[in-house]
Structures are given as C-alpha cells and as structure tokens.
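# Examining the three-dimensional arrangement
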Amino acid sequence: MSVDVCIEYETSSNASALQWLSPEQTTGKKHPYLFSQCQAIHARSMMPCQDTPAVKFTYTAQIAAPPELTVLMSAVRQTETEWDDTRNLRLTTFKQKVPIPSYLLALVVGDVVSRRIGPRSHVWSEHELINAAASEFSQTENMLSTAEDLLGPYQWDIYDLLVLPPSFPYGGMENPCLTFVTPTLLAGDKSLADVVSHEISHSWTGNLVTNTNPEHFWLNEGHTVFVERKISARLNGGEALRHFKFIGGWKDLQNAVNVLGKTSPLTHLTPDLSGPIDPDDAFSAIPYEKASQRNNGNTSF
C-alpha cells in the first residue's frame, strides 16, 4: 500500500540555499538572476525534506518564471510551452528519474542561452559569455566518454554545464544533468577545464554512490579526485601527469593541515560533526586530498 502526502508550504526569500542577484550583479546588467546552492545542508531552507545524503528521491517540478528568463534544474527539461495567463508567466517542467540526495537539488532562473558542445551536452551562460564558454568546454564529450571507459555507462541522459555569475562561491558543483561552474574557468586556453572532469566524475562517485552523512564527505571527494586524475592522464599527459597532480595535491594537503592545525579534529578523514559544527565550516582540502592520496597508495600521514 502506498500513501500520497501533499504538503503546502511557502519558503522565504532569505533561504540560505538561494542567491538572489540584482541586474547589476550579472554580466548583462538587464535582468535579475537566481541560483541555488543546497550542499551541504541548505535544501531544508528551500523546501520540506529529509535533508541528509542518506535519503534519496526522484522528483518532478514545474517552475513559473517571467517569459524573458530561462529556468534550469538538476533534471531533464520536459516542456516549456505552458503559460500561466493570469500572471503572464511561462511554466517549465522537469523530471529527474535517478534518485538523488537533497543537496543535489538545483534551480536557476536567469537570462541565459545555450550552445551545443557534444551529443549529450550543452553549455549555458549569459549571452556575453556563450562563445567563450563553448570554446573552453569543447572537450566535455571526450572527458565524459573517458569516464565511461573507467566507470561504466553514464546514467543521467544529459550532461550540461552552466557558467554562473562571479558570485558563485565554488569552482564547480556536480548538480546532476547541470554542472555549475565559475566564470573564472574561462581562461581562453582550456587550462582550467580539468574542473569539468572532476564534476563529471561525480556523476558516479557521489551522485550515484553517495556518502551516508557529511562526516563521510571524503567518500565523495576522495574517489572523485582519484578518477578525475585518471581522466586527465588518459586525455593528456599519461601517468606522468597523474603523478604530477598528486604531488601538487600532497602540497595542498600539507597546507590544509598547517592552516587548520596539526591537532585539529577537522584534519581527520572522518571528522566528528555530531556537535554544533556546520558541515560548511569543516570544508577544506582534507577530504579531497587525504582520501585521494590514500586511494593512490600514499599512506604516509
């Protein structure tokens, strides 16, 4: 027997998951822009949910927005042809068929356009950046195919990229079907595009196989860094490049330990977050590099 439960709710414009940008904060300077960042525990501010990676769900959504703006989500777009005539809003429908944890729910509303960069990929950005973005991320399909050679078939149907405004606080975020990236990756020579191979790797390590709680964040990031460097080695400089990246990662790990303090519990591979510690406050290079170094056979810590 199944039971359908309907919850009517209203969230706040001050929800910690939502970033509201004025037109002046965008590249085009004409329209406002909305994007979400639910990792690690901000989805609860946006909707009623079990906000833990231990719980996964599929979802459908219908978003109403002004017709001059485009709506994107961490899901496959179904339609955008319906209208709410009473409010003159366009309705866009999405479906995510693969179960995801709440931190991977993502929403964007802005004046963005797309350019196809592969058989299953588009890049999205504001009009002013679309040419640079399409050029910078033109190797996305090669990265995706290489990841499939390493990890098996891609399960999410599409792999799109969205270049956000500069206020996006991370290099990338692995939202299913729609990776978020910072515009600072648009170097003009693809030298920073390896971030995309990291986010692609999350399509398996993190998004399909997920840590139970934020304390085990290293399971997501350590394996993802390891796979990311495998992808880079196959596409570019071979094993020499992979080992070179691990040398750099070792230096990043040492720096993180020095900053946090060698006796800090936040240098543990599995930190204790049971007290009043926000997972965001525990964020560092530790879960990325300590775990990936271990995967690579380095246990000298």
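Numbers given to residues run from 1 along each chain, matching the order in which its sequence is written. Two thresholds apply to this predicted model, a pLDDT of at least 70 for residue-level local features and 80 or more for giving and counting side-chain atom pairs, whereas whole-chain, interface and lining totals are computed over all residues. Computation of side-chain values covers all heavy atoms of the structure but excludes hydrogens and water.

## Details of the overall build of the protein chain
In plain terms, the rule: By the criteria applied, helices consist of DSSP H or I runs no shorter than four residues and strands consist of E runs no shorter than two, each listed in order from the N terminus. Only protein chains enter the accessibility calculation, which uses a 1.4 Å probe; a residue whose area is less than 20% of its type maximum is buried, one above 50% is exposed, and one in between is partly exposed. In this description, contact between two residues means that some pair of their heavy atoms is separated by no more than 4.5 Å. Computed with the Shrake-Rupley method and a 1.4 Å probe, the accessible areas treat only the protein chains shown as cover for residues. For the purpose of counting charges, residues Lys and Arg are taken to be positive, whereas Asp and Glu are taken to be negative. His and the chain ends are not included. For the purpose of locating charges, the reference atoms are NZ of Lys, CZ of Arg, CG of Asp and CD of Glu.
Counting its regular elements, the protein chain contains 6 helices and 12 strands. In terms of its C-alpha atoms, the protein chain occupies a principal-axis envelope of roughly 65 × 45 × 45 Å. Burial analysis of the protein chain (301 residues in total) assigns 49% to the buried set. Expressed as a percentage of contacts within the protein chain between residues at least 6 apart in sequence, the contacts between residues at least 24 apart total 63%. When the accessible area of the protein chain is evaluated, it comes to approximately 14,600 Å², of which 52% is carbon and sulfur surface. Of the side-chain charges in the protein chain, 22 are positive and 33 negative, and the distance between the mean point of each set is 8 Å.

## Describing empty space enclosed by the protein
Stated precisely, the cut-off is as follows: The rule is simple: put a 1 Å grid over the protein atoms alone, call a set of points where a 1.4 Å probe fits but cannot get out a cavity, call an open set with protein on both sides within 12 Å along at least five of seven lines a pocket, and count a residue as lining if it has an atom within 4 Å of a point. Grid points are joined across faces, edges and corners, and a volume is the space filled by probe spheres set on the points. Under the convention adopted here, Pro, Cys and the residues Ala, Val, Leu, Ile, Met, Phe, Trp and Tyr are nonpolar, Asp, Glu, Lys and Arg are charged, and Gly plus all remaining residues are polar.
For the structure shown, the criterion picks out 2 cavities of 30 Å³ or more. If you add up the space inside the largest cavity, you get close to 40 Å³. Considering the residues around the largest cavity, the lining is formed by Thr 26, Gly 28, Lys 29, Lys 30, His 31, Pro 32, Tyr 33, Asp 111 and Glu 126. Grouping the amino acids of the lining of the largest cavity by side-chain chemistry returns 2 nonpolar, 3 polar and 4 charged.

## Focus: the packing of aromatic side chains
We apply this condition: In this scheme Phe, Tyr and Trp rings, the latter by its six-membered ring, pair at centre separations within 6.5 Å, and the angle between planes marks the pair as stacked below 30 degrees, edge-to-face above 60, and tilted otherwise.
By the definition in use, this model includes 10 aromatic pairs. A ring pair is formed by Phe 35 and Phe 168, whose centres lie 6.0 Å apart and whose planes are at 75°; its orientation type is edge-to-face. Of this pair, Phe 35 sits in strand S2 (residues 33-36) while Phe 168 sits in the loop between strand S10 (160-163) and strand S11 (172-173), placing them 133 residues apart in sequence. Seen in terms of ring centroids, Phe 168 and Phe 180 are 5.9 Å apart; in terms of plane orientation they differ by 75°. Their pairing is edge-to-face. Note that Phe 168 is positioned in the loop between S10 and S11 and Phe 180 in strand S12 (residues 178-181), a separation of 12 residues in sequence. Within the aromatic cluster, the residues linked to one another by ring pairs are Phe 35, Phe 168, Tyr 170, Phe 180, Phe 217, Phe 283 and Tyr 288.

## Details of the pairing of strand S7 (residues 107-110)
Regular strands place side chains that alternate from one sheet face to the opposite one. Definition in use: At least two DSSP bridges between two strands are required for those strands to pair.
The alternating pattern of S7 places Leu 107 and Val 109 on one face and Val 108 and Gly 110 on the opposite face, and all of these are buried. Of the strand pairs in this sheet, S2 and S7 are connected by 2 bridges, and their pairing is antiparallel. Paired with Leu 34 across the strands is Val 109, a residue of S7. One ladder, built from 4 bridges, connects strand S4 (residues 70-73) with S7; its direction is antiparallel. The residue of S7 that forms the bridge with Val 71 is Val 109.

## Describing helix H2 (residues 140-151)
Condition: Multiplying one less than the number of residues by 1.5 Å gives the expected span of a helix.
Counted at 1.5 Å a residue, the expected span for H2 with its 12 residues is 16 Å, and the 16 Å between its end C-alpha atoms agrees. Along H2, the residues classified as buried are Thr 140, Glu 141, Met 143, Leu 144, Thr 146 and Ala 147. Of the surrounding secondary structure, the elements contacted by the buried residues of H2 are strand S8 (112-118), strand S9 (121-126), S10, helix H3 (194-201) and helix H4 (217-235). Once H2 finishes, Gly 152 follows within two positions and takes phi at roughly 105°, a positive value.

## Quick word on the sheet that holds S8
Spatial strand order, S8-S9-S10-S12-S11: 5 strands in an open sheet with mixed pairing. Bordering the open sheet on either side are S8 and S11, each of which pairs with just one other strand. Note that S9 and S10 share 2 bridges and pair parallel. Counted as the bridge partner of Val 123 is Leu 161 from S10.

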